[in-house]
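Chain and residue survey
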Amino acid sequence: MTERLETICIVCPNGCRLVAERKGDSIEVRGNKCPRGIAYAEAEMTAPKRSFTGTVASVFREMPVVPVRTAGEVPKDKIKEIAEHTRDIVLERAYATGEVAEENVCGTGVKLIVTADMRKVVGHTEGA
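Residues numbered from 1 in each chain as written. Predicted model: local features only at pLDDT ≥ 70, side-chain atom pairs only at ≥ 80, totals over all residues. Heavy atoms only, no water.

Per an unreviewed UniProt entry, the protein carries the name DUF1667 domain-containing protein and comes from Candidatus Stercoripulliclostridium pullicola.

Between its terminal C-alpha atoms helix H1 (residues 35-46) stretches 17 Å, which fits the 16 Å expected from 12 residues at 1.5 Å a residue. Buried within H1 are the following residues: Gly37, Tyr40, Ala41, Glu44 and Met45. Down the axis of H1, the buried side of the element spans an arc of 130°, and every buried residue falls inside it. Looking at the buried positions of H1, the neighbouring elements they touch are strand E1 (3-8), strand E2 (17-23), strand E3 (26-30) and strand E4 (49-50). (Helix = DSSP H or I, 4+ residues; strand = E, 2+ residues; numbered from the N terminus. Expected span 1.5 Å × (residues − 1). Buried < 20%, exposed > 50% of the residue type's maximum accessible area, 1.4 Å probe, protein only. Arc of directions from axis to C-beta. Contact = heavy atoms within 4.5 Å.)

Moving on, we get to the pairing of E3. Side chains Ile27 and Val29 project from E3 onto a buried face, and the interleaved Ser26, Glu28 and Arg30 project onto a face without burial. With five bridges joining them, E2 and E3 adopt antiparallel strand pairing. Bridge pairing links arginine 22 to isoleucine 27 in E3. In sequence, E2 turns back onto E3 through a hairpin of two residues, with glycine 24 there showing a positive phi of about 65°. (Pairing = 2+ DSSP bridges.)

Our next topic: unusual backbone geometry. Of note, cysteine 106 is a non-glycine position whose phi angle comes to about 55°, a positive value. Within the secondary structure layout, cysteine 106 lies in the loop between strand E9 (100-102) and strand E10 (112-114). Given the relative accessible area of 16%, cysteine 106 is considered buried.

Our next topic: the sheet that holds E10. Two pairing modes exist for strands in a sheet, parallel and antiparallel, and in both the strands are linked by backbone hydrogen bonds. Across the sheet, which stays open at both edges, the five strands sit in the order E8-E5-E6-E10-E9 with mixed pairing between neighbours. With partners counted over all chains shown, the strands left at the sheet margins are strand E8 (90-91) and E9, one partner each. With two bridges joining them, strand E5 (residues 53-58) and E8 adopt parallel strand pairing. Bridging from a neighbouring strand, alanine 57 pairs with valine 90 of E8.

Written out as structure tokens, the structure is:
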């Protein structure tokens, strides 16, 4: 049986419409204008990854929720688990933009980082 994937490549500005078909152990990709499209389609078929963006809670009334993102891509099948996990995170001090809120989110090996400078909003570093 042939597995088929139709997707738009997001690696470069071309936005190629790709068609990838898995036949046995090989994957055939059509529609790519550059070699990066082949690698993208193969990865989408074998081990798709995504970045996660969301929010976590904080103890500061001036900033009760704080935006976060993963510092890299995580397996697509971990996104829901990460989203559920972030509901349980409460930041108890003011973080700077880019600071690590969690070192290894859900065992992915990827850091969860804060994407807003809490110190500018709350004016202090200790919890309320």
